[in-house]
Each structure stands twice: as structure tokens, then as C-alpha cells.
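Spelled out from the first residue to the last, the chains are:
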Amino acid sequence: MKFAIESITKNSGRLGQLRIREGGPELRTPLLMQTTKGGSIPWLSADVFESHVSQKPQVLQFTLSTMDQMAEALAQWNSGDRGVSDYVGFPGHLNVLLLRDPCETTPSGGNDRDIQPLFTRRGRESLTPERYMEMVASIKPDIYQGLCDADTNAESAKKRVQKSVDRTEKFMHYIYEQRGKVPSTLLAPIVGGYNTFARTQSIKHAREQPAGSYGGYILEGFHTNGLTATTVDTDKLLPIVEHCVKQLEEDKPRLLPGAFTPLTILELIAQGMDIFDTSYAYCAALNFKALTFCFVQAGEKQVPFLDVTDDANKENFSPLLKTCSCLTCQKHTRAYLHHLYKTNELLGPILLMVHNLHHYMAFFETIRETVAKDKMPELMELVRKQNGDAQVDYSIAANTKVITKATMGKGFAAAAM
Amino acid sequence: IPPLTYKVVAECSVTKARAGLMTLRHSEVNTPVFMPVGTQGTLKGILPDQLIELNCQILLGNTYHLGLRPGIETLKLAGGLHKFMGWPRAILTDSGGFQMVSLLQLAEIDEHGVNFRSPFDNSQCMLTPEHSIQIQNAIGADIMMQLDDVVKTTTTGPRVEEAMERTIRWVDRCIEAHARDDDQSLFPIVQGGLEVPLRQRCVSALMERQVRGFAVGGLSGGESKHDFWRMVDVCTGYLPRDKPRYLMGVGFAADLVVCVALGIDMFDCVFPTRTARFGCALVDSGQLNLKQPKYKMDMEPIDKDCDCSTCKRYTRSYLHHIATNESVSCSLLSIHNVAYQLRLMRIMREAIQKDEFPHFVREFMKRHFQSDPIPAWIREALAAVNIQLPADQEKKDELEEAPKAERKQEPTKSMTQPAATS
Ligand SMILES: [Zn+2]
Ligand SMILES: [Zn+2]
């Protein structure tokens, strides 16, 4: 893996070039990885993604918690000349293996000195560093993260935070020792909650390793995934991230998984973070929200979301977002999306995910241009206020609406009276 | 130009099979055709563009469900179902009566129509032939069905005759109520249970009406396969040659092949998309239940000769891991299963056009049943249209309809019944 910084500015963060595989495509940071579940982009077949979202090379963000059961099959598959991206239907695309699924809240507990819990669909599995390295060797991702205890957030007690650092250090002793046995690039995990001392200690352990031990950093322990990332308090998050960034090696990419809001993403990029994922677009689609926030200077007042569950959409035959060129907005209406929600049809989240990914990926295109022009403060201002006066709220409320018979259309029975 | 024209393109010189071209307002349809079921204005996890890529020419929508959601007012405002769901090609709708009778326990039928309790406020409502047509006119499908008097296929006695006679009376009410005859074609439904004379009488009565095609109803509801094929055979024997014939609710591969041989042109069934949800993939030998452990390390596609987007990219092994776990698996298997059904129909059309259909039927049955005995009803049905199948290696006729895991499909009763949703 090769990473080169193109430019760094005080207000806009850094622009970089990342080549994950030799001979592979050169990617630009700030980079958006495609979050996956069981190796697939949520709801979208590879065919739909390539036909209607993007044909450019992607970095697939795999998670062990949704792919652990595939390790055995992958060991056999990888003995040929095809890799794990081919196995999940995305030949030629790149991949990063994480432990936890950023789309879902990771349950707390189950940690221990020698094992790390892995929450899968089948329940909790116990991961030892030995077992973890075996699985990484079977799955053979391009990049994988170091094993760590990241079960912390802004509320964690000092003792809990210290434990996460100590356990991570212990796991990583083994992993640094064994890393030569897998060809994949390692990301050094940085944990320590919101505690500056603990973060420093965690970074120190990584930086003590001989040169070339790892290719980048993954910062965890700020939230526990799922919607918890959308509500992190940036007043607490940004100072601790700044504290970490100062101590990280500059020439290594910094990855920060989780469904941070668009505004938080911009602030994190300004701080010098490089790699994020699409879990925010997923969480919005899961809760029937279409992303509609504005990130180009257009002068129009915008709202961050369109709530598809809202009955006001029932007979609204306009697209989710007028200015959007995605398949969903070109061919389908709010009324149809609302109908698909009401009938609990699978096409609903498919169409929403097509739009949300389209929108979010375009947002990242704009971000890269903005960083290059050093115009981040202006973009932040636009995203923060959406051309209105007050700061808009980007947090995603879990959809708790229940579809009842009373909310069904009455047209049928009315005609039959 | 009438909203439906049909012409026979080729006829099998041995069986009653025929290949045709049906031209509708929204699409040309090559027959014999399988119509995937998009109950609520969408086909389980498949984009309209993907269906077009599979060369699907016509979909089925359910009037009962669409009438409830989004409701006819919304459909009218949208300009009909085609626009509402973004599907530019043809649609066929049922009358809503069958689903009402099968889904609502309190539905009762009298001369006026189907009495039912509204599923949203429990009030007493009635679906009359006129109402069914009004709703179907709002939906705007290319082909619509008359409201018929539905009885269980296993019903015997005078109720069967009453239902058949009422169905004929109701078709006149439907024709009278039909307000968009320039755009939409109304099909009457042949009823008459399992009794040959009733079926004959029904066909000849319906043929006196001005209609552009016919449906055969009241089958595939749990009757014996012996009765099933004979009723199909009787109906196609009396129906006019120059109009399309639609057999409602039939969609298992072997049934499709037999009924094409008997002269049916149109089919629908929820089975291909429903079985996909349970992790099952259709192949010539029946279906693969991909959840089975034996597929865990199987690095082949579902069917290496299938050119669907799923078989091009995914192995059985990967599908094994995500089937029923990740919702994308439902889309992936639905695509393959719909592709399978559509390909089977295309191969049959081509065989009929080359006049090689009997050869195709023999080869298909060999692949489908492999070393299992071919059920007696299939032998009889095919013999009735002059196809003799080679004798089984061992005679095991008594096993005729015993369902077998994997190879054969599940017992017909639970799956041929059109159900609430696909
Ligand atoms: Zn869009
Ligand atoms: Zn296929």
C-alpha cells in the first residue's frame, strides 16, 4: 500500500493519493469506503451498484462480524487466483476488513484480557488474537485492522478506557509479531475513548513498532457504531481527535469508521482524517430517510432529509430530490417510495440506497474539490445552515412508525361500498 | 387499433402447442409467456430496468392489494399503475375476487358480488363485478380479469354449476361496466370445476361474448394432477384458436411444459419469487436449496449455462452464506428464478417455431426427473397430445406424486395457491 500527501492546509485538511494494490487504481483521499453487510453493499446487488451507482473502483469495507462464517469457504476460494472482492461479486475492487459493523450498534460487554467479543448474526463469538489472525489469513483482505477493544464512548469511566488500551496493547503484541504471516496491510488501532492520556498511550504503542509494521491508523472507541455515531458531541470529539492527530505519523492514512453526520465528517476532514465509510447513507435508508442536504452553492434553502414515511408524500409525484440524476430520482416518485414503505417492499430500501449512495458519493467528490481549493470553512457553513439561518439537525431518528391497517388507503373499500 | 391483437406465429405439428405474438398498448408479448407476479406494484427486490434486461414483457398486479395500497385515488392521480411504478411494459391484473376469498375469512359470495369486512375498519363491504372493473380501469392494466365466482377446486355438487353460471352472468356485468375498452382488454374466466360438461358449457357461453382472450380459472388449487391436466385439455380443446389462453396460477416448470403442450399461452405464479426468499434457486432438475450445508464450499454458479446477472457474478458458496441473512440475496435469487422461468418459455417458443417441441419436451422431462420416475399424470397428459415418453428404468408408479426433497418441488397444494403476496 502506498500513500502520498498531495497537500495539507490549516483549514481544510489534507488531500492524498492512496494506492492499495500494486498496479491497482490510485484513489484520492478524503476517501469514502463502501460499507457492506456479508460482503454485499446493503440491499444492492453488484449489478445494480455498477449499473446505477458507480462503475469506478471502490474500497469495500468488510466487517468480520458479518463475514466470519465465510472464512472457511474463503480459505478455499483464495487458494486460486481470485480474491475476496471477487467472491462477493466485485472483482477488481479493493477491500478493508474491519471487526465491527459500523451500521449497527455494537453491544457492550463480553470483553476480557484474552478475548475480544465478535457480535455476529448468530450471537456472540469469542475472538482470540490467534483465531483472528487465522481468519484474516483465510479471508486475505487487502487491508485489515488490528484487534482491539473499542467498547468505549464519551460516557466511559476512566478505568474502562484504560482497560481498552491495555487489552488492545496485549492483542497487538501478538498481531505485530505474527503480521508477517499474512500478506495484507495492517492498520494500527488507536483506542482510549475521550481520554487524552489513554489515547497518547495507545498511539505510543503503535509508534514504538519497527518501521513498516503497519500501513495506516484506525481510530475507534469514540462511539459504539450504528446511530450512536450520528449523535457524538463534536465539542468533545474534535479536541480528542486533534490531540491524536498531532501524534500520528503524517504519511499514513487515518481511517475513522462510523455514521458521522455530514457536518461532523467535514470537521474531521479539516482535522486531518482521511478515510470514512457510507454507513450514514445506510442508516438513513434503513430509517426511510432520503438524503437531500445541499453541498453546492445554489442559494436554495434545503432540508437535510426527506422522510419517506411522511403521509404528505402519498400523492406527491415529484422525485426525492429535483436536482438529482440518480435512477431513483429520474424514474420514481416520492409517492411510489412512500407506497413501498407502506407495503414493506424490498424495492423501497433498494431505491433509497441507490439515491443515498449517489448523493453521499457526490458529497465526497465535492469535499475533495473543496479541500484542494482550501474552501472547507465555506462548505461547512453551507452544510451547517443549508442556506437558512439556524443550524440544521443531521441526526437520524430511528423509525418507530408502525404500519397499521388504519394507515392503508381507503380507495378500494370506498369503491366497493 | 384494438388494445390487444393476437396472432399465432407457429403451431407444433404434434401437440396443441403454439407460439404467438400478442400486441398490447404497452408491449409486444411473445407467447407462451410466463408473467412474474408483482403483487403490490413491485416485483420482490427487482428494478424495472432489470426486468427489461431479462426481457420480461408483461407483469401481473393484484387488484385486491393495489386497491388497498396505494388505493385507487392515488393510482388515478398517478395516471395508472404503469406510471406509478415506473414500468413501461404490459401489465395484467386479476379481479381481486380470488384473493379476497382466499385471504379474508369472512368473505361470502351472493348474486350481487363478494361480501367482505373491510380490513381497515371492519365495516361490511361488497365487491361487485362493476366495482372490480372500476378499480381495474383505474389501475389501467393492458389486460384485466372479470370478477368470477370462486369455489374451492375440491368442491363438488350443485355449487360448482351455480358458480359457473354466475360467472357467466357476471362477465356480462363486467363488460357492461368496462369504461376503457379502447385501452384495456377484459378476459372472461372459464369455470366449471372438475366436470367436463360444465367446462364445455362455460367455454361455449363465454365464446358468445365479445372478448379478446380467455382465462382458465378454478385450477391449481389442490385438485389431483390427473383432473388438472384433463380440465386444461378440455378447455383448450374448445377455446378458439385465434385468441390467447391464460391459465391462472400455474408456474412450476413441469406444469408449464405440459400445459404449453396442451395449448396454453399465458401463465403466472408467485412461486419463483417466493421460493427465492427461502434461499431456493430454480434449475432444470427442480430447485437448489442453497441453505443446505453442501453448498458452503461449492464455487460454481447456480447454473453455469444461465446468463443472468447473478450467475455471472456469484457462486453457490457465497449465496449459501447470504441467503435468508442479507436481503440482497432475495434480489439475487429472484433475478435468477425469473430469468429461469423466462428462459424456459423462450426455449419452448423457439422449439415450437422450429417444430422441435416434442423433442424438447422429452429432453426436458429427462433432465427434470433424472433417475426419478416421471409422474403418471405427465405421461398421460403428454400422451393425449401424442408425445410418448420413454419408459422409466424401474417401474415405480405408486410413488407418482410423492414429494422428494430437493429434486422435486414441495407438495403442490401449498405452493400453487396464489397467495397474499409473492
Ligand atoms: Zn436521487
Ligand atoms: Zn442465473
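On a predicted model such as this, the values are computed, not experimentally measured, just so you know. (Residues numbered from 1 in each chain as written. Chains lettered and ligands numbered in written order. Predicted model: local features only at pLDDT ≥ 70, side-chain atom pairs only at ≥ 80, totals over all residues. Heavy atoms only, no water.)

Visitor: Is there a simple way to explain the domain arrangement of chain A in this structure?
Guide: Often the size quoted for an interface is simply the accessible area lost on bringing the parts together. All names here are of chain A. According to the domain assignment, chain A consists of domain 1 (2–285) and domain 2 (291–416). Each of domain 1 and domain 2 was reduced to a C-alpha centroid, and the two centroids are 28 Å apart. In this complex, domain 1 contributes 44 residues to the contact, which on the side of domain 2 involves 36 residues. When domain 1 packs against domain 2, close to 3300 Å² is buried across both sides, 78% of that on carbon and sulfur atoms. It is Trp43, Leu263 and Leu266 in domain 1 that bury the most area against domain 2; as a group they hold 19% of the surface buried on that side. (Domains from an automatic or database assignment. Contact = heavy atoms within 4.5 Å. Buried area = accessible area lost by both parts, 1.4 Å probe.)

Visitor: Explain the coordination of the zinc ion (ligand 2) to me, please; I cannot follow it from the model alone.
Guide: Around a metal, the perfect tetrahedron of four donors has angles of 109.5 degrees, and the perfect octahedron of six donors has angles of 90 or 180 degrees. The zinc ion (ligand 2) binds to the protein through Cys306 of chain B (SG), Cys308 of chain B (SG), Cys311 of chain B (SG) and His336 of chain B (ND1), with metal-donor distances spanning 2.1 to 2.3 Å. Seen from the zinc ion (ligand 2), its four donor atoms lie at angles of 100 to 119°, and the figure they make is tetrahedral. (Donors = N, O, S within 2.8 Å, 3.2 Å for Na, K, Ca; no water. Tetrahedral: all angles 85-135°; square planar, octahedral: opposite > 155°, others 65-115°.)

Visitor: Any chance you could explain the pattern of salt bridges here in plain terms?
Guide: A side chain of one charge can pair with a side chain of the opposite charge when the charged atoms of the two come close. Here the structure, examined in full by the defined rule, presents 49 salt bridges over all chains. Across the pair aspartate 142 of chain A and arginine 21 of chain A runs a salt bridge, and its minimum N-O distance is 2.9 Å. Here aspartate 142 of chain A, found in the loop between helix H5 (129–139) and strand S9 (143–145), pairs with arginine 21 of chain A, found in the loop between strand S2 (13–19) and strand S3 (26–29); they are 121 residues apart in sequence, far enough to count as distant. A residue is classified by how much of its surface remains accessible, and arginine 21 of chain A, at 30% relative accessible area, is partly exposed. A salt bridge links arginine 316 of chain B to aspartate 298 of chain B, with the shortest nitrogen-to-oxygen separation between them at 3.0 Å. Taken together, the residues arginine 316 of chain B in helix H12 (residues 316–322) and aspartate 298 of chain B in the loop between strand S17 (286–289) and helix H11 (309–313) connect sequence positions 18 residues apart. Like aspartate 298 of chain B, arginine 316 of chain B is buried. (Salt bridge = Lys/Arg side-chain N within 4 Å of Asp/Glu carboxyl O. Helix = DSSP H or I, 4+ residues; strand = E, 2+ residues; numbered from the N terminus. Buried < 20%, exposed > 50% of the residue type's maximum accessible area, 1.4 Å probe, protein only.)

Visitor: I tried to follow the UniProt feature "binding site: Zn(2+)" (unreviewed entry) in chain A on my own but got confused; where do I start?
Guide: Residue and element names in this part refer to chain A. The UniProt feature table records "binding site: Zn(2+)" (unreviewed entry) at Cys324, Cys326, Cys329 and His355. Considering the C-alpha atoms alone, the annotated residues occupy 32 residues of sequence yet fold into one spot, their largest mutual distance being 8.2 Å. Among the secondary structure elements, cysteine 326 is positioned in the loop between strand S15 (305–307) and helix H11 (327–331). The class of cysteine 326 is buried, set by a relative accessible area of 1%. Here cysteine 326 is in contact with Val354, His355 and His358, once residues within four sequence places are set aside. Here histidine 355 shows up in helix H13 (residues 347–372). A residue is classified by how much of its surface remains accessible, and histidine 355, at 0% relative accessible area, is buried. (UniProt positions renumbered as here; feature names shortened; annotations may be inferred.)

Visitor: Please clarify how the packing of aromatic side chains should be interpreted in this entry.
Guide: Between two aromatic rings, the relevant description is the distance of the centres plus the angle of the planes. Overall, the coordinates contain 23 aromatic pairs over all chains when judged by the stated rule. The rings of Phe276, Tyr280, Phe293, Phe295, Tyr360, Phe363, Phe364 and Tyr394 of chain A are connected pair by pair, giving a single aromatic cluster. Directly above the aromatic system of phenylalanine 222 of chain A lies the positively charged group of arginine 199 of chain A, at a separation of 4.0 Å from the ring centroid. Note that lysine 225 of chain B overlies the ring of phenylalanine 228 of chain B, its terminal NZ or CZ placed 4.7 Å from the centroid. (Phe/Tyr/Trp six-rings, centres within 6.5 Å; stacked < 30°, edge-to-face > 60°. Lys NZ or Arg CZ within 6 Å of the ring centre and 35° of its normal.)

Visitor: Would you explain the coordination of the zinc ion (ligand 1) in this entry?
Guide: Residue and element names in this part refer to chain A. Donor atoms from the polypeptide that bind the zinc ion (ligand 1) are Cys324 (SG), Cys326 (SG), Cys329 (SG) and His355 (ND1), placed at 2.1 to 2.3 Å. Coordination at the zinc ion (ligand 1) is tetrahedral: its four donor atoms span angles of 99 to 115° at the metal. For the zinc ion (ligand 1), all donor residues lie on one chain, and their spacing in sequence is C-x1-C-x2-C-x25-H. Placement of cysteine 326 in the loop between S15 and H11 and of histidine 355 in helix H13 is noted, with a sequence separation of 29 residues between them. One exposure class covers both cysteine 326 and histidine 355, and it is buried.

Visitor: Where do I start with the sheet that holds S3 of chain A in this structure?
Guide: Pairing between the strands of a sheet is mediated by backbone hydrogen bonds and can be parallel or antiparallel. Residue and element names in this part refer to chain A. A sheet is described by the order of its strands in space; here three strands give the open sequence S1-S2-S3, paired in antiparallel fashion. Every other strand in the sheet has two partners, leaving strand S1 (2–9) and S3 as the edge strands with one partner each. If you compare each strand with its neighbour and ignore which way they point, the axes differ by 15° on average. Examined bridge by bridge, S2 and S3 share four bridges and lie antiparallel to one another. (Pairing = 2+ DSSP bridges. Axes fitted to C-alpha atoms, helices over the stretch in contact; angles between N-to-C directions.)

Visitor: Just checking my understanding: could you explain the side chain of arginine 69 of chain B for this structure?
Guide: Assignment of secondary structure puts arginine 69 of chain B in helix H2 (residues 63–78). A polar contact of 3.0 Å, which involves the side chain of arginine 69 of chain B, links it to the backbone oxygen of lysine 342 of chain A. (Polar contact = N/O pair within 3.5 Å; in protein donor to acceptor, adjacent residues only side chain to side chain.)

Visitor: Explanation requested: the interface of chain B and chain A in the structure shown.
Guide: Facing the 55 residues of chain B at the interface are 53 residues of chain A. Across the chain B to chain A interface the summed buried area is about 4900 Å²; carbon plus sulfur atoms make up 61%. When the buried area of chain B at its contact with chain A is split by residue, Arg69, Phe120 and Arg313 of chain B rank highest and sum to 15% of it. The interface formed by chain B and chain A holds five salt bridges in total.

Visitor: Can you help me understand the sheet that holds strand S4 (residues 33–36) of chain B in this one?
Guide: All names here are of chain B. Read across the sheet, five strands follow the order S4-S15-S14-S13-S12 without closing on themselves; strand pairing throughout is parallel. Each end of this open sheet is capped by a strand with a single partner; those strands are S4 and strand S12 (189–190). Sheet topology places strand S14 (residues 245–247) next to strand S15 (residues 266–269); two bridges connect them, and they run parallel. The residue of S15 that forms the bridge with leucine 247 is phenylalanine 267.

Visitor: How should the packing of helix H13 (residues 328–353) of chain B against helix H14 (residues 357–369) of chain B be read in this particular structure?
Guide: Think of two packed helices as two axes; the pair is described by the angle between the axes and how far apart they sit. Residue and element names in this part refer to chain B. Two numbers describe how H13 lies on H14: the axes approach to 7 Å, and their chain directions differ by 140°. Between H13 and H14, the angle is such that the two are oblique. For the pair H13 and H14, the contacting residues are Tyr340, Leu344, Ile347, Met348, Ala351 and Ile352 in the first and Phe357, Phe360 and Phe364 in the second. Tallied by class, the residues present in the contact of H13 with H14 amount to nine nonpolar, no polar and no charged. (Parallel < 35°, antiparallel > 145°, perpendicular 65-115°, else oblique. Nonpolar A, V, L, I, M, F, W, Y, C, P; charged D, E, K, R; others polar.)

Visitor: What is the right way to read helix H10 (residues 279–286) of chain A from this model?
Guide: Because each turn of an α-helix spans 3.6 residues, side chains separated by three or four positions in sequence point in the same direction. Most of H10 of chain A sits out of view: seven of its eight residues are buried. What H10 of chain A keeps buried is the set Ser279, Tyr280, Ala281, Tyr282, Cys283, Ala284 and Ala285 of chain A.

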